[in-house]
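# Fold and geometry: a report
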Amino acid sequence: MLKGNREQELIELTQKMIQAKSYSGEEKQAAETIVEFCKANGFDDVSYDRYGNVIGIIKGNRPGPKVLFDGHIDTVPVSDPSKWTQNPFGGEIIDGKLYGRGTSDMKGAVSAFTAAAKYFAEDTNRDFAGEILIAGVVHEECFEGIAAREISKNFKPDYVIIGEASQLNVKIGQRGRGEVVVETFGKPAHSANPEKGINAVYKMSKVINAIRDLVPTEHPVLGKGILELTDIKSAPYPGASVVPEYCRATYDRRLLVGETKESVLAPIRELLDKLMAEDPELKAKVSYAVGEEMCYTGNKIEGERFFPGWLYDKDEAWVQAVVKELNNAGFNPEITQYNFCTNGSHYAGEAGIKTLGIGPSPENLAHTVDEYIEVEQLTKVCECYYGVMKALLV
């Protein structure tokens, strides 16, 4: 499939994407790179939405399903470029590895499915049933699935392929993620006379110890619904000579299939009610963190940090159709689940759209110093996306 100049074209597109630094909220240049490619290569339409997501469309000659390929174009920052042996925004190839921030997470995948859409349309002369949609999605590193809501609302895909790293294996699920906030409220006083106040941090320590005794939920495939303390903040801060009147603890909660906002908070609320009944001075509440960020378009993106889990049966006909086509193409994918959160939290977890993941590279290359993608993985995943199109559209 990657005959002639195609492999070089794919590599050059990936390099241009890497050279377009695109931290969350700064994705404009990367989005423009996709738009430029789509306009130059016969896509029927390419557009932006209010968040700055870019969506390219190729239509087949016959009616059929819409297959959306989703990949985020924002990256985590490079905290210290001096620790990199290669330019994190250079896109250089050394010993078969293309280096740069976002190569594996996940501009390689975005470049691969964008190129695959072009090649599939050329090779079939558009004689296929349905539409191919490619999406370069913003702000995923901050909000898994929030910007994706705009895409599913506007385009209503029938299938979604998440391009997150999977080492060419097929992913049919993931745990979700919730950011749970527990707050305690005390009474300020001079620290020379602490008995006149109520120390919110002491009250929080009691709450934290009690939460550790909660039994986590569990799923036979996805594992445990982990609830892990990630930070504690008190106020006023700095608290020179002041008994803190406020304390906030944040927990990372890994979500299982079927868990809701209410069901996740229910045992914590019940525990807090019990503790407050035992201690009249304890005042506490639990909620979800709410995030707000600014998009490069000038619009705000905001949402509660609750991103559901999802899981499909490996024997479903559409999953097996994809696996069969990949096997026919010479691949031998394992059917597993992601170990981290993706935009699938929205597509599958919220919207109920048939979703699976296929991406290049092992998962542990994301967010690392000297992040890279093997050129072989890049070309192979492009062939995999071509196979998915063949399985679901022909």
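Residues numbered from 1 in each chain as written. Predicted model: local features only at pLDDT ≥ 70, side-chain atom pairs only at ≥ 80, totals over all residues. Heavy atoms only, no water.

For clarity, the cut-off: UniProt positions are given in the numbering used here, feature names are shortened, and annotations may be inferred rather than shown by experiment.
The protein carries the name YgeY family selenium metabolism-linked hydrolase in an unreviewed UniProt entry, which gives Lachnoclostridium phytofermentans as its organism. Regarding the protein, the relevant UniProt record gives this comment under Cofactor (unreviewed entry): "Zn(2+)".

### Details of the overall build of the protein
Rules: Segments assigned H or I by DSSP are reported as helices when at least four residues long, segments assigned E as strands when at least two residues long, and all are numbered from the N terminus. Throughout, radius of gyration means the C-alpha value; the globule benchmark is 2.2 Å times the number of residues raised to the power 0.38. Per-residue accessibility, obtained with a 1.4 Å probe over protein chains only, is compared with the maximum for each type, and a residue is labelled buried under 20%, exposed over 50%, and partly exposed between these values. Between two residues, a contact is recorded if the distance between any of their heavy atoms is within 4.5 Å. Surface accessibility in these figures is a Shrake-Rupley result with a 1.4 Å probe; residues are shielded only by whichever protein chains are displayed. In this tally, Lys and Arg are treated as positive and Asp and Glu as negative; His is ignored, and so are the chain termini. In plain terms, the charge of a residue is placed at NZ if it is Lys, CZ if Arg, CG if Asp and CD if Glu.
When its secondary structure is counted, the protein shows 9 helices and 21 strands. The C-alpha radius of gyration of the protein comes to 24 Å, within 12% of the 21 Å expected for a compact globule of 394 residues. Dimensions of the protein, computed from the C-alpha atoms along their principal axes, are close to 80 × 45 × 35 Å. The proportion of buried residues among the 394 residues of the protein is 55%. Intrachain contacts of the protein at a sequence separation of at least 6 include 79% that bridge at least 24 residues. Within the structure as shown, the protein displays about 16900 Å² of accessible surface, and the carbon and sulfur contribution to it stands at 47%. With 44 positive and 58 negative side-chain charges, the protein shows a separation of 3 Å between the mean positions of the two kinds.

### A few points about the pairing of strand β7 (residues 159-162)
For clarity, the cut-off: Being paired, for any two strands, means DSSP has found at least two bridges between them.
Covered by surrounding structure in β7 are Tyr 159 and Ile 161 together with Val 160 and Ile 162, the residues of both alternating faces. Note that strand β3 (residues 62-72) and β7 share 4 bridges and pair parallel. Bridge pairing links Asp 70 to Ile 162 in β7. Sheet topology places β7 next to strand β20 (residues 354-357); 4 bridges connect them, and they run parallel. By the bridge assignment for β20, Tyr 159 is matched with Lys 354.

### Here we look at the layout of surface pockets
If a probe as big as a water molecule is rolled over the atoms, it shows which places are left empty. Rule in force here: The distinction between a cavity and a pocket rests on a 1 Å grid over the protein atoms alone: a 1.4 Å probe fits inside a cavity but cannot get out, while a pocket stays open yet meets protein on both sides within 12 Å along at least five of seven lines, and a residue with an atom within 4 Å of a point counts as lining. Grid points are joined across faces, edges and corners, and a volume is the space filled by probe spheres set on the points. Here the term charged refers only to Asp, Glu, Lys and Arg, the term nonpolar to Ala, Val, Leu, Ile, Met, Phe, Trp, Tyr, Cys and Pro, and the term polar to all other amino acids, Gly among them.
The calculated volume of the largest pocket comes to roughly 410 Å³. Looking at the largest pocket, it is lined by 21 residues, and the ones nearest its centre are Ile 211, Leu 214, Pro 216, Ile 226 and Leu 227. When residues of the lining of the largest pocket are traced back to their parent elements, those giving at least two are α5 (200-211), β12 (227-235), β13 (246-255) and α6 (261-278). In terms of residue class, the lining of the largest pocket is built from 13 nonpolar, 3 polar and 5 charged. Counted as a void, the second largest pocket has a volume near 290 Å³. Taken together, 15 residues line the second largest pocket, and the ones lying closest to its centre are Asp 105, Glu 141, Phe 340, Cys 341 and His 367. Of the residues belonging to the lining of the second largest pocket, the class tally is 5 nonpolar, 2 polar and 8 charged.

### Brief notes about the domain arrangement of the protein
Basically, it comes down to this: The start and end points of each domain follow an automatic or database-based domain assignment. Here the buried area means the combined drop in accessible surface, using a 1.4 Å probe, for two parts upon being joined, counting both sides. Any carboxyl oxygen of Asp or Glu within 4 Å of a side-chain nitrogen of Lys or Arg constitutes a salt bridge here.
Its domain assignment divides the protein into domain 1 (5-174 + 309-393) and domain 2 (176-292). Opposite the 10 residues of domain 1 that make contact, domain 2 presents 11 residues. Between domain 1 and domain 2, a total of about 740 Å² is buried, with carbon and sulfur atoms accounting for 62% of that surface. Looking only at domain 1, the three residues that lose the most surface to domain 2 are Phe 143, Gly 309 and Leu 311, adding up to 49% of its buried area. Linking domain 1 to domain 2 there are 1 salt bridge. Taken together, the residues that form the side of domain 1 that touches domain 2 break down as 5 nonpolar, 4 polar and 1 charged.

### As for the environment of Ala 284
By secondary structure assignment, the location of Ala 284 is in strand β14 (residues 284-288). Taking the C-alpha atoms as reference points, Ala 284 and Cys 247, 37 residues apart in sequence, are found 9.5 Å from one another. The residues contacting Ala 284, other than those within four sequence positions of it, are Glu 183, Thr 184, Leu 272 and Met 276.

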